[in-house]
Structures are given as C-alpha cells and as structure tokens.
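# Examination of the molecular architecture
Chain by chain, the residues:
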Amino acid sequence: MSVRFVIFTDLDATLLDHRTYSFKPAKPVLEKVKKLKIPVVLCTSKTRAETEALTRELGLKHPFIVENGGAVFMPENYFPAAFFKKLGLKTVKNNGYRVVELGRPYRRLRQFFKLVRKNTSLPLIGFGDLTLDQVAALTGLGKKEAQRARLREYDEPFFLESSLLAKWLQTGKKNQALKRNEGTGSSRLKKNELISYKHWGPNDIRRVLRRIRQEASRYGLRITAGGRFYHLTGRNDKGQAVRLLCKLYRLKFGRIITIGLGDSANDWPLLEAVDYPVLVARPDGSHAKLPPGVKNIYKTRKPGPRGWAEAIKYFLSSFGISEGRAAISTVENKFKSAPNKKQKREKIKNL
Ligand SMILES: [Mg+2]
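Note that the structure is predicted; figures quoted are calculated from it, not measured.

Rules used in this analysis
Residues numbered from 1 in each chain as written. Predicted model: local features only at pLDDT ≥ 70, side-chain atom pairs only at ≥ 80, totals over all residues. Heavy atoms only, no water. Salt bridge = Lys/Arg side-chain N within 4 Å of Asp/Glu carboxyl O. Helix = DSSP H or I, 4+ residues; strand = E, 2+ residues; numbered from the N terminus. Buried < 20%, exposed > 50% of the residue type's maximum accessible area, 1.4 Å probe, protein only. pLDDT = per-residue confidence, 0-100. Contact = heavy atoms within 4.5 Å. Pairing = 2+ DSSP bridges.

## Notes on the pattern of salt bridges
- Scanning all chains against the criterion turns up 15 salt bridges.
- K238 is the partner of D10 in a salt bridge, and the nearest nitrogen-oxygen pair spans 3.0 Å. Of this pair, D10 sits in the loop between β1 (2-9) and α1 (27-35) while K238 sits in helix α11 (residues 238-253), placing them 228 residues apart in sequence.
- Since its relative accessible area comes to 0%, K238 is described here as buried.
- The partner of R218 in a salt bridge is E215, with the nearest N and O atoms 3.1 Å apart. Residue R218 and its partner E215 are located together in helix α10 (residues 202-218), separated by three residues, close to a single helical turn.
- By sharing partners, the salt bridges in this structure join R110, R117, D129 and E156 into a single network.

## Some thoughts on the confidence of the model for the protein chain
- Model confidence for the protein chain is summarised by a mean pLDDT of 84, while 80% of its residues fall at 70 or above.
- Confidence over residues 164-198 falls short of pLDDT 50; this stretch has 47 contacts with residues more than four positions distant or in other chains.

## Quick word on the environment of F83
- Tracing the backbone shows F83 in helix α3 (residues 81-87).
- Along the primary structure F83 and K252 are separated by 169 residues, whereas in three dimensions their C-alpha atoms are 8.5 Å apart.
- The contacts of F83, once residues within four sequence positions are left out, are L248, L251 and K252.

## Some points on the pairing of strand β4 (residues 71-75)
- Burial runs high along β4: four of the five residues are buried.
- Relative to β4, strand β3 (residues 64-66) runs antiparallel, the two being bridged by three bridges. Its bridge partner being in β4, V66 is matched across the sheet by A71.
- Bridging between β4 and strand β6 (residues 97-101) involves five bridges; their strand directions are antiparallel.

Shown next as structure tokens:
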C-alpha cells in the first residue's frame, strides 16, 4: 500500500521572491517534485489571469486556487465529473476549466468598500481605484502582469494610504468628515479615534482594521492581511478551498498526505488545512507571528523560494518519497510512536 502526496503553496514571498517574483531558487526542487508526479497546487491571492500565466511558466497542469480561496480552477478532465456529483459540488465550465466558486462577486466587494470609505472618510485605496501604472508601481510588477493583477473577480486588495491621510488632515477634510459622520451617525468610528490618526502608528492601524472588520462581518465579508495588502473577500479563505481539493484528491488517489507552504496571515487557513504546514521565512529571515491554532509548524531558515526548496527537500528525504508516493509502512515507521496528527508533527519537527 502506498500514500500519495499533494503540495499546496502560496506564491508571493513563498514560491516567488517577495521583490523580484522569481521562482528560480526553487526550480531544481520543483522539477524533482514534477518528476515524482506530486501535484503542486498554487493557492494565492492573485487573480485567475495571473495564476494561469504562472502555471504555464512553472509547467504545472494541476488545479489552482485564486484570490484567497475565491475560486478553485481545475483542468476540465482532471477529476471525473462523478466526483463532483458525489461531493454535491456545483461547478461551472469556463475556458477549459471546471470551476468551483466560493467567493463573493467583485462588484459586491467594491460596493461595500466604497460604502465604508464614504461612511468613515478613511483614506482607503483599493485596486479598483488604481490605474495600471499605479498597480505596477505599487507591486513592482511589469505592465503585462499588473494588467492581469487588475482582473479581480473575488478579492479587493487595499491599503491605508498615509500620504493621503496627511493631505486629508491638512485640507481640513477631517472636520468635514466628522461633521458628516456626526450628522448621519453612519460611521462606526468615534470622534476621538479620527483625531488620533494624526499620530498614525501600528496600534491605530490595528484599531482601524478592527473597525473595518466589524463592518465587513455585518455584510458577510472578511478582511485578511497579505504580504503587501489587506484583502477584502467573502467568507471564503484558502483553507476552505484546500479542504475541498483534498476531498477530490482522496477520491482520486485514496490515502493522501498534504504539505502546505505560506508566509503570511492569509495563509493560516491553508496551513491549518494540511497535514504538514510550513511557514516560510520573511526576506529578513524572521517569521510572521502565528495565531493560536497552527502548531508544530516547520519554519524555514531561508526566505521565499529558497525556503520553499529547503522545506520540500526536507520532506522528500524524511518520507523517502519515490515516484510521488511513499509506502505507508515507510511513513508509519517514521512516526511509529506518533499515532495522531499532532504527535506526528511534533515528531517531524525533531527528525
Ligand atoms: Mg505570501
């Protein structure tokens, strides 16, 4: 008997370098994984257009998860239609893919975003407000890639613009905003909170985000932090999409072991959904702070794609993987005294 492996991976600052977007340092290990026929599922906040281009560049022909779990795209005949029926999954066919949509439509997200901005007068800027050149400048992407990044379907990336904030204070918009908010009572932000933004610091940002999050949850929406931007989405997340694909892979392969790699807060649900979570180091070698719930995680020493390669090499050799599978006996011997998942993780940390 054997067990198959499936890898779920974030892109930015994980498989791709945070600054250059290069996956070159991970390429030799990725090629090995491809030869072993281990599916590598991209799981990203990027759009379908961006991710599709990257799957081609990486030479991957597997499903991919876009816009923070907004949708799962699967090559049309990758899983038999009967699997979807069995799991009660509604799919739509789209340009050679079977798609499961988990997110809220982009136009709804924009409606909410504009409403919050209007009611709070906070300097919130979303992708939908930016020109192609601005997206390219902010992300460091080339024009072609930036154009793909603007084709949002299920996720609005946004940020709090501090230079705008300064302008907003200088021009007295603060007072107008206060008057408007006091008049309508529509803002959830209190007067003293607005004034305190003169001394904008991490705590203020946290407080503002907490408020926006409260608003979002009233509308059935969610805000998460990515490596570069905050993201406004529906209640979907990467973990939900990963779990869905795991069910399909179990029908396809039988027993599977999943490895998940990510670097920032929007990856927590992904890391919680896999057997072996990997937290990739940030460019400065530090690690994002973990929330409670994701324990016994493999933390890479190296950042970005070098960290990706480090972790995958470690797991390939630890499990003695050949031909994309390992004998169950090999895996079980490795974790002889670790009957449950938690203990397995502790064990692997000490290997
Ligand atoms: Mg990332």
